[in-house]
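What the coordinates show
Residue strings, one per chain:
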Amino acid sequence: MENNNQQQLDLILDMIHSARQEFTDDSLIYLLWGWAVSLAALAEFVLIKMNNQYHAIVWAIAIPLAIIAQIVIMYRSKKKERVKSHLDRVFGYVWMAVGLCIGGVLFSANILQAGTYPVLMLLYAIGTFISGGIMKFKPMMTGAALCWAIAMAAFYVSFEYQLLLLSLSLVVAYIIPGHLLKIRNSKNV
């Protein structure tokens, strides 16, 4: 009987460890996209200030590289795959919906014009806020709230300064919470 109880306790501890590891792995995705988009926005801002007519090229470099990196991260985590929990599916659906909306906004950028980046920031905030709520991780929810405020301000500034605000929004919504999440989970593992 005692051996059976120990096995059950070991199983529960293993499940908790797996869940914590999953959230740590998620921090890599937030950090990847936070740094990729933030640095691309800053680079485009600098190129605009240098009067470089090819300033948008940074996106054609940064986004495919980030996509490749995410595929590698996902492939590696699939190797260690455990049974998908209900929360895994919720996260997947939330970010799939946000990603599809981001794609729709980018596809409609010529219509949205100066509203493109502020709307993207609003979408980043939605996904981050929901994820932070699910994980009960306040820094992520706070970052999302700051991202919303930055997005609202971005509607009132010129395109080049929207790039600076876009970079800032990724720092507060993805990069800082991503690092804090990684630190929190490394202490708990």
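Residues numbered from 1 in each chain as written. Predicted model: local features only at pLDDT ≥ 70, side-chain atom pairs only at ≥ 80, totals over all residues. Heavy atoms only, no water.

A separate point is the packing of aromatic side chains. In the structure shown here, the tally under the stated rule is eight aromatic pairs. Note on Tyr117 and Phe159: the rings are 5.5 Å apart at their centroids and 20 degrees apart in plane angle, and the pair reads as stacked. One end of the pair, Tyr117, is in helix H5 (residues 116–135); the other, Phe159, is in helix H7 (residues 159–188), and 42 residues separate them in sequence. For Phe159, a relative accessible area of 37% puts it in the partly exposed group. In textbook terms, an aromatic cluster arises when at least three aromatic residues are bridged by ring pairs, as seen for Tyr30, Trp95, Tyr124 and Tyr174. (Phe/Tyr/Trp six-rings, centres within 6.5 Å; stacked < 30°, edge-to-face > 60°. Helix = DSSP H or I, 4+ residues; strand = E, 2+ residues; numbered from the N terminus. Buried < 20%, exposed > 50% of the residue type's maximum accessible area, 1.4 Å probe, protein only.)

Below, the discussion takes up the confidence of the model for the protein. Confidence in the prediction of the protein, expressed as mean pLDDT, is 86, and 83% of residues score 70 or more. At the level of individual helices and strands, the protein shows its lowest average pLDDT in helix H1 (residues 2–49), which scores 72, and its highest in helix H6 (residues 138–154), which scores 97. Across residues 15–24 the pLDDT falls below 50, and counting only partners more than four positions away or on other chains, this stretch makes 13 contacts in the model. (pLDDT = per-residue confidence, 0-100. Contact = heavy atoms within 4.5 Å.)

This part covers the packing of H5 against H6. Relative orientation of the contacting elements H5 and H6 amounts to 165 degrees, with a least axis distance of 8 Å. Comparing their axes, H6 and H5 come out roughly antiparallel. H5 and H6 meet at a crossing whose hand is left-handed. Contact residues: H5 offers Pro118, Met121, Leu122, Tyr124, Ala125, Ile126, Thr128, Phe129, Ser131, Gly132, Gly133 and Met135, while H6 offers Met140, Met141, Ala144, Cys147, Trp148, Ile150, Ala151, Met152 and Ala154. Of the residues that constitute the contact of H5 with H6, the class distribution is 17 nonpolar, four polar and no charged. (Axes fitted to C-alpha atoms, helices over the stretch in contact; angles between N-to-C directions. Parallel < 35°, antiparallel > 145°, perpendicular 65-115°, else oblique. Left-handed = near helix turned anticlockwise from the far one by under 90°. Nonpolar A, V, L, I, M, F, W, Y, C, P; charged D, E, K, R; others polar.)

Where helix H3 (residues 86–107) meets H5, the axes come as close as 10 Å, and the angle between the chain directions of the two elements is 175 degrees. As the angle between them shows, H3 and H5 are arranged roughly antiparallel. Contacts between H3 and H5 involve Leu87, Val90, Phe91, Val94, Trp95, Val98, Cys101, Ile102, Val105 and Leu106 on the former and, on the latter, Thr116, Val119, Leu120, Leu123, Tyr124, Gly127, Thr128, Ile130, Ser131, Ile134 and Met135. Looking at the contact of H3 with H5, its residues break down into 17 nonpolar, four polar and no charged.

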